[in-house]
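The primary structure of each chain is shown beneath.
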Amino acid sequence: TDPAIIRNFCIIAHIDHGKSTLADRMLQITGVVDERAARAQYLDRMDIERERGITIKSQAVRMPWTVAADNEQGAEPGTYVLNMIDTPGHVDFTYEVSRSLQACEAAVLLVDAAQGIEAQTLANLYLAMGADLHIIPVLNKIDLPSANVEKYALELANLVGCEVEDVLLTSAKTGLGVEALLNEIVRTTPAPVGDPDAPPRALIFDSVYDTYRGVVTYVRVVDGKLSHRDRIKMMSTGAVHEMLEVGVISPEPVKAGDLGVGEVGYLITGVKDVRQSRVGDTVTSQHNGADEPLGGYEHPNPMVYAGLYPIDGDDYPTLRDALEKLQLNDAALAYEPETSGALGFGFRCGFLGLLHMEITRERLEREFNLELISTAPNVVYHVTLDDGSRIEVTNPSEYPDSKIREVLEPVVTATILSPADYIGTIMELCQTKRGTLLGMDYLSEDRVEMRYTLPMGEIAFDFFDNLKSKTKGYASLNYEFAGEQAGDLVKVDILLQGEPVDAFSAIVHKDAAYSYGVMLAGKLRELIPRQQFEVPIQAAIGSRVIARETIRAIRKDVLAKCYGGDITRKRKLLEKQKEGKKRMKMVGRVEVPQEAFIAALSTT
Ligand code: GDP
Ligand code: MG
């Protein structure tokens, strides 16, 4: 294909602003998917994605588009090849977003006409500008009765620095304005530029494991040509693979002989594991290959860790196999076996962020029929001991009790967008989370952008939910990793009958340790049923006890209550107790119900 007629673009938006719907409408209008076959959200292939309305895995679709002779946008008439690259929309996948952007020349910046600019609108826009993309501002959902087109078109124009007339208006739902948008993409997006005679270089912006075909790798060719006859080389590792197939997606895979400058498509090798075909890596040919990779490859590092344990110990092998399978499709998922005194055999898993963790857990439960307990998520700490040695702590129970010289914890730069009414509330919240205000800007009269540095560990739990509920859902949040800082942190252990329960250990700031200990001990007293003996619950920092609760002995009382009463009630009670037992974990001699773990570990 002649690069002059290729237009590579992506759609970027805050979640729910209509990206997937617009993509579907474009597929339909260009005739790639016919109306009858068009199932909602064609591009969001995974069930979980569809249910949660998020896009996890980017996809690229090739669409032919003919610009009519008399089009109002003034685009050069003719037939073009549009490659639409779908980017994942969530903060956990920022790296993948940035790779998808690298594969494009333009970004359609989509904003909901009833909501206006949100935190991820900004975050994505900054990423797109960082990748030097041409920005096409679009106000979507103009069919909504609650749309405020005038106000938000102006906000959007101010943001990208264009005239308000240059903001395109669409309804992805009805299709209004979408043809005009396609013409505008043709008119304003630069055609790809590359050296057709140079050794091939292609950027990997996605790779997906397919049960039948192995790993399918999505690439954007920058220079030269990738042919189905080539043997290819991954430049970060030097690994060489046989090429089995190259092609384009439109919307199903279609084989092609080769992919040239500016083209976007897929390739299939014999590879069975996405870790051998890494997002961000450069593909070249084995013979006469390129010397310099395309810039920007990064290895994804887990930011959040949690222990995952099967509720039924017999499921351990199933869990191990399931993690192995998921990793085939998820280069960012890390795991290793772990044993917990309280929870038995399980795995310590590393994730890019909380959403990544939730999705993984949900897939394990749903696709592999597993029932799991997960420990509270924690971030990674770097501890320097008194003797100068350094250790990395990914599990709170392994945090040293003493001889610590310094602890480094990860921090993020958070951007919060909110109606100005909530400034005070947000400041208060961020203060309790040890945040430092970096700056504040008004985007319009009544909307403000606040930037904070926050310890990642403080926002790993319930920060987002908290922010949402304190601002009646109006605030939006985006964050990115911003290095490490020294922190005054301690480990709080929870002891049942004097025995520490590793699953409840947490690393918290010194000033929060006491209230954390009191809170968790109190919660456990409520959650753990009475036993036949007294059970003391203690919260401790090292050997120092900071909180104490006691669960008094019972059992006799349960039956005593029924003394002389009717026998069916008594039997029912006993049965109920037996039921409950099935879902108990023994911690030492203490029976702890699953619910206690789940409730104690969920929101802290
Ligand atoms: P995404 O998260 O950006 O991919 O957003 P979706 O495409 O999943 O859309 C979120 C919701 O907005 C869905 O319920 C869509 O049906 C709805 N939606 C998207 N575009 C429009 C539009 O132009 N008008 C109206 N009324 N609803 C829309
Ligand atoms: Mg979507």
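Residues numbered from 1 in each chain as written. Chains lettered and ligands numbered in written order. Predicted model: local features only at pLDDT ≥ 70, side-chain atom pairs only at ≥ 80, totals over all residues. Heavy atoms only, no water.

(A) Summary view of the overall build of the protein. Broken down by element type, the protein carries 15 helices and 33 strands. Each of the 604 residues in the protein was classed as buried or not, and the buried ones make up 52%. For the protein, the proportion of contacts with a sequence separation of at least 24, taken over those separated by at least 6, is 69%. As displayed, the protein has an accessible area near 27100 Å², and 48% of this comes from carbon and sulfur atoms. (Helix = DSSP H or I, 4+ residues; strand = E, 2+ residues; numbered from the N terminus. Buried < 20%, exposed > 50% of the residue type's maximum accessible area, 1.4 Å probe, protein only. Contact = heavy atoms within 4.5 Å. Areas by Shrake-Rupley, 256 points an atom, 1.4 Å probe, with all protein chains shown as cover.)

(B) Broad picture of the sheet that holds strand 3 (residues 78–86). Overall, mixed pairing links the six strands, which are arranged 2-3-1-4-5-6 in an open sheet. Two strands close off the open sheet at either side, each with one partner strand: strand 2 (60–67) and strand 6 (168–169). Taken together, the five bridges between strand 1 (residues 6–13) and strand 4 (residues 106–112) define a ladder with parallel strand orientation. When the sheet's bridge partners are listed, Ala-13 is paired in strand 4 with Leu-110. On the sheet, helix 6 (residues 178–188) packs against strand 1, strand 2, strand 3, strand 4, strand 5 (134–140) and strand 6 and is oriented at approximately 95 degrees with respect to strand 2. (Pairing = 2+ DSSP bridges. Axes fitted to C-alpha atoms, helices over the stretch in contact; angles between N-to-C directions.)

(C) Fine view of the environment of Thr-174. Of note, Thr-174 is situated in the loop between strand 6 and helix 6. For Thr-174, a relative accessible area of 54% gives the class exposed. Separated by 24 residues in the primary sequence, Thr-174 and Glu-150 place their C-alpha atoms 20 Å from one another. Sequence-distant contacts of Thr-174, defined by excluding residues within four places in its chain, comprise Arg-25 and Asp-143. A polar contact is formed between the side chain of Thr-174 and the backbone nitrogen of Leu-176, at a distance of 3.2 Å. (Polar contact = N/O pair within 3.5 Å; in protein donor to acceptor, adjacent residues only side chain to side chain.)

(D) View of the packing of aromatic side chains. Counting across every chain of the model gives five aromatic pairs. Taking the centre distance of 6.5 Å and the plane angle of 75 degrees together, the rings of Tyr-381 and Tyr-399 count as edge-to-face. On the criterion of sequence distance, the pair formed by Tyr-381 in strand 21 (residues 381–385) and Tyr-399 in the loop between strand 22 (390–393) and strand 23 (404–419) is long-range, its members being 18 residues apart. The pair formed by Tyr-381 and Tyr-399 is uniform in burial state, with each residue classed as buried. Put simply, the rings of Tyr-316, Tyr-335, Phe-345 and Phe-347 touch in pairs and so form one group of aromatic residues. (Phe/Tyr/Trp six-rings, centres within 6.5 Å; stacked < 30°, edge-to-face > 60°.)

(E) Looking closely at the confidence of the model for the protein. With 89% of its residues at a pLDDT of at least 70, the protein reaches an overall mean of 87. Both scores are available for the predicted complex, with the pTM at 0.76 and the ipTM at 0.99. (pLDDT = per-residue confidence, 0-100.)

(F) Region of interest: the packing of helix 1 (residues 19–29) against helix 6. Axis separation between helix 1 and helix 6 bottoms out at 10 Å; the angle between their running directions is 85 degrees. Taken together, the axes of helix 1 and helix 6 are roughly perpendicular relative to one another. Counting all contacts with helix 1, which are made through Leu-22, Arg-25, Met-26 and Ile-29, the residues of helix 6 involved are Val-178, Glu-179, Leu-181, Leu-182 and Ile-185. (Parallel < 35°, antiparallel > 145°, perpendicular 65-115°, else oblique.)

(G) Quick peek at unusual backbone geometry. Of note, the bond from Ser-250 into Pro-251 is cis; its omega dihedral lies within 30 degrees of zero at -10 degrees. Within the secondary structure, Pro-251 is located in the loop between strand 11 (240–249) and strand 12 (253–256). At Asn-288, a position not held by glycine, the phi torsion is positive, near 50 degrees. With respect to the helices and strands, Asn-288 occurs in the loop between strand 15 (282–285) and strand 16 (304–310). Overall, Asn-288 belongs to the exposed group, its relative accessible area being 70%. Although it is not a glycine, Lys-472 sits at a positive phi angle of roughly 50 degrees. Structurally, Lys-472 is set in the loop between helix 11 (463–470) and strand 26 (476–486). Using a relative accessible area of 67% as the deciding quantity, one classes Lys-472 as exposed.

(H) Focus on the UniProt feature "binding site: GTP" (unreviewed entry) in the protein. Listed under "binding site: GTP" (unreviewed entry) in the UniProt record, and renumbered for this structure, are Asp-16, His-17, Gly-18, Lys-19, Ser-20, Thr-21, Asn-140, Lys-141, Ile-142 and Asp-143. Secondary-structure assignment places Ile-142 in the loop between strand 5 and helix 5 (149–160). In contact with Ile-142, other than residues within four places in its own chain, are Ala-113, Ala-147, Val-149, Leu-169, Thr-170, Ser-171 and Leu-176. Checked against the element boundaries, Asp-143 lands in the loop between strand 5 and helix 5. Beyond its immediate chain neighbours, meaning those up to four positions away, Asp-143 contacts Ser-171, Lys-173 and Thr-174. (UniProt positions renumbered as here; feature names shortened; annotations may be inferred.)

(I) Representation of the pattern of salt bridges. Across all of its chains, the model carries 26 salt bridges by this definition. The partner of Asp-112 in a salt bridge is Lys-141, with the nearest N and O atoms 3.1 Å apart. One end of the pair, Asp-112, is in strand 4; the other, Lys-141, is in the loop between strand 5 and helix 5, with 29 residues separating them in the sequence. Where Arg-525 meets Glu-549, a salt bridge forms, and the shortest distance between an N and an O atom there is 3.3 Å. On the criterion of sequence distance, the pair formed by Arg-525 in helix 12 (residues 510–527) and Glu-549 in strand 31 (residues 544–551) is long-range, its members being 24 residues apart. By relative accessible area, which is 36% here, Arg-525 ends up partly exposed. A cluster of three or more residues bridged by salt bridges with shared partners is formed by Asp-401, Lys-491 and Asp-493. (Salt bridge = Lys/Arg side-chain N within 4 Å of Asp/Glu carboxyl O.)

(J) Layout of the side chain of Thr-121. Its location among the elements puts Thr-121 in helix 4 (residues 119–130). Excluding anything up to four places from it in sequence, Thr-121 contacts His-14, His-17, Leu-109 and Val-111.

(K) Examining the environment of Met-243 more closely. Within the secondary structure layout, Met-243 lies in strand 11. Considering only alpha carbons, one finds Met-243 and Gly-270, 27 residues apart in sequence, at a separation of 7.5 Å. If we ignore the near neighbours within four places in the chain, the residues touching Met-243 are Leu-226, Ser-227, His-228, Asp-230, Ile-232, Leu-267, Ile-268 and Thr-269.

(L) The arrangement of the nonpolar core in detail. Membership of the largest hydrophobic core comes to 33 residues, with the highest contact counts inside it found for Val-492, Leu-496, Phe-504, Leu-524, Ile-528, Val-592 and Phe-597. Secondary-structure elements contributing two or more residues to this core are strand 27 (489–496), strand 29 (506–509), helix 12, strand 30 (535–541), strand 31, strand 33 (590–593) and helix 15 (594–601). Ranked by residues supplied to this core, first place goes to helix 12 with five residues. In this structure, Val-97, Leu-125, Ala-131 and Phe-205 belong to the second largest nonpolar core, which totals 31 residues. (Core = buried A, V, L, I, M, F, W, Y, C linked by side-chain atoms within 4.5 Å.)

(M) Seen up close, the side chain of Asn-378. Secondary-structure assignment places Asn-378 in strand 20 (residues 378–379). Owing to a relative accessible area of 8%, Asn-378 belongs among the buried residues under this scheme. A distance of 3.0 Å separates a polar atom in the side chain of Asn-378 from a polar atom in the side chain of Arg-348. In this structure Asn-378 touches Met-303, Val-304, Tyr-305, Arg-348, Thr-394, Asn-395 and Pro-396, once residues within four positions along its chain are discounted.

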